[in-house]
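Inside the fold
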Amino acid sequence: MKIITVVGARPQFIKAAVVSHKLREEHEEILVHTGQHYDYNMSETFFEELDIPKPDYNLGISGGTHGQMTGKMLIAIEELLLKEQPDWLLVYGDTNSTLAAALAAAKLHIPICHVEAGARTHSKTNPEEMNRICTDHLSSLLLASTQSGMDSLKKENLSDRGYLVGDPMYDAFCSYSDRFQARDVILIGLDGKACTLPKDFYYLTCHREENTNDDQSLAEILKAMDDLDAPTIYPVHPRNKERVKRLQTRYGFEQICFTEPVGYLESIFLVNHAIKIVTDSGGLQREAFFAKKKCVTILDFVVWPETMVDNRNHLARPEKEDILAKLQLEQFIRKDYQPFGDGNAAQKIVDLISR
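Residues numbered from 1 in each chain as written. Predicted model: local features only at pLDDT ≥ 70, side-chain atom pairs only at ≥ 80, totals over all residues. Heavy atoms only, no water.

1. Brief notes about the overall build of the chain
Here is the rule: Strands are runs of DSSP state E lasting at least two residues, helices are runs of H or I lasting at least four, and both sets are numbered from the N terminus onward. With C-alpha atoms as the basis for the radius of gyration, the globule rule is written as 2.2 Å multiplied by the number of residues raised to the power 0.38. Accessible area is worked out with a 1.4 Å probe on protein chains only. A residue is then buried under 20% of its type maximum, exposed over 50%, and partly exposed in between. Here, Shrake-Rupley sampling with a 1.4 Å probe gives the accessible areas, and only protein chains in the shown set may cover a residue. In summary, the charge assignment counts Lys and Arg as positive and Asp and Glu as negative, without counting His or the chain termini. To locate a charge, take NZ of a lysine, CZ of an arginine, CG of an aspartate or CD of a glutamate.
A count of helical and extended segments in the chain gives 14 helices and 15 strands. A globule of 355 residues ought to have a C-alpha radius of gyration of about 20 Å, and the chain, at 20 Å, matches this closely. The buried share among the 355 residues of the chain stands at 57%. When the accessible area of the chain is evaluated, it comes to approximately 15100 Å², of which 48% is carbon and sulfur surface. Measuring between centres, the 40 positive side-chain charges of the chain sit 2 Å from its 52 negative side-chain charges.

2. Overview of unusual backbone geometry
Note: most peptide bonds trans; most residues except glycine with negative phi. The backbone phi angle of Asp51 is positive, close to 55°, even though this residue is not glycine. Tracing the sequence through the fold places Asp51 in the loop between α2 (44-49) and β3 (57-58). The exposed category is assigned to Asp51, whose relative accessible area is 55%. Residues other than glycine seldom take positive phi values, yet His122 does so here, at roughly 60°.

3. Here's the deal with the packing of aromatic side chains
Quick reminder of the rule: Stacked, edge-to-face and tilted labels apply to pairs of Phe, Tyr and Trp rings (six-membered ring for Trp) whose centres lie within 6.5 Å, assigned for plane angles under 30 degrees, over 60, and everything in between, in that order. By definition here, charges over rings are those cases where NZ of Lys or CZ of Arg is within 6 Å of the ring centre and within 35 degrees of the ring normal.
One pass over the full model with this rule turns up 10 aromatic pairs. Linked through ring pairs, Tyr170, Phe173, Phe289, Phe290, Trp304, Tyr337 and Phe340 together constitute an aromatic cluster. Arg312 extends its terminal NZ or CZ atom over the ring of Phe289, reaching a point 4.0 Å from the ring centre. Over the aromatic face of Tyr337 sits the side chain of Arg334, whose NZ or CZ is 4.7 Å from the ring centroid.

4. A closer look at the pairing of strand β2 (residues 28-33)
Where we set the bar: Here a crossover is taken to be right-handed if, once the strands point away from the viewer, the path from the first strand over the helix to the second is traced clockwise. Any two strands with at least two DSSP-identified bridges between them are counted as paired.
A large share of β2 lies buried, amounting to 5 of its 6 residues. The handedness of the strand β1 (residues 2-7) to β2 crossover, carried by helix α1 (residues 10-23), is right-handed. Of the pairings in the sheet, the one linking β2 to β3 comprises 2 bridges and is parallel in character. Bridge pairing links Val32 to Tyr57 in β3.

5. Remarks on the side chain of Thr212
Short version of the rule: Here a polar contact is recorded for every N or O atom pair within 3.5 Å, except that within protein the pair must consist of a potential hydrogen donor and a potential acceptor, and residues adjacent in sequence are included only if both atoms are side-chain atoms. Residues count as neighbours in contact if any of their non-hydrogen atoms are within 4.5 Å of one another.
On the secondary structure map, Thr212 appears in helix α8 (residues 209-212). Engagement of the side chain of Thr212 in a polar contact is seen with the backbone oxygen of Arg208, the distance being 2.9 Å. When sequence neighbours within four positions are dropped, the list of residues in contact with Thr212 reads Cys206, His207, Leu218, Asn240 and Arg243.

6. Observations concerning the pairing of strand β10 (residues 202-205)
Across the two faces of β10 the burial is the same, with Tyr202 and Leu204 and Tyr203 and Thr205 all buried. Inspection of the sheet shows β10 paired to strand β11 (residues 232-235) by 2 bridges, in the parallel sense. Bridge pairing in β11 places Tyr203 opposite Ile233. Of the strand pairs in this sheet, β10 and strand β13 (residues 277-279) are connected by 3 bridges, and their pairing is parallel.

Printed below as a string of structure tokens:
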């Protein structure tokens, strides 16, 4: 079969890294990169270090409002689908790239396989929630990463198309965790100079609009990290760079190492070796869970309820005292609790598409 896979953001590159290799053993895959993440460290370096096949098409679409981005992608992807005439469309997650591809394929009666189906925040204020719901209802094959995903599909009368396969991000985490050593990690500060990797450190990622669109929220998050007993490594999203520089000038933040974005292998190393993790990323809170690291998620809705057990992961407001209080809670790890599967999600995904 000919299968077109559409990706556009870092988490999708990671999933494609493990699925595409399996998929190409049995089928013809055409990989399309929408360009939604366009910065070198946000995109190209992922394809290089994860040995993902180079995209057959790069649409170069980024920036603008949600509607503008989705509309441009819809037009471009429709043209590609008409040209290539695939048997299936494969999409991941919940980005604008996911929704645009699903809409284009559905209108052309091309069956859609949605990986990470059924994930819900139950928050209509979250733009990605609209993308998840619409994509699931358009898809022919719904592949859930967790049981909660399957439960959501059942509530929406979609379970007849749903299968529980596990999380391909867990596959990737298992495959790539041992690829990097401390000597391989290269951290570049925002001033362009190399940063020394501390022996002990916390790891922060923070990029969502609700946490970075005003000085107060981001300043509170950084004040919390600056008050910890070891340095914090914070790779800064390109969109936040100017605000971070301004806040750094105002407050100092001597305990925070502000760096350029890091590649996936470096990020996985930081996850595995951090004392604890603070994030607003759906992907990184899972990786913290895989690495058995205590995590605090700065959001007002739960993305992955499976991680919210035994003090493994806690929601916090973008307020210094709340973040510090949640970080102090001691986690408990149950060895038999494996809600994200057995690390073989990629093969299960390919088997179901083939069948």
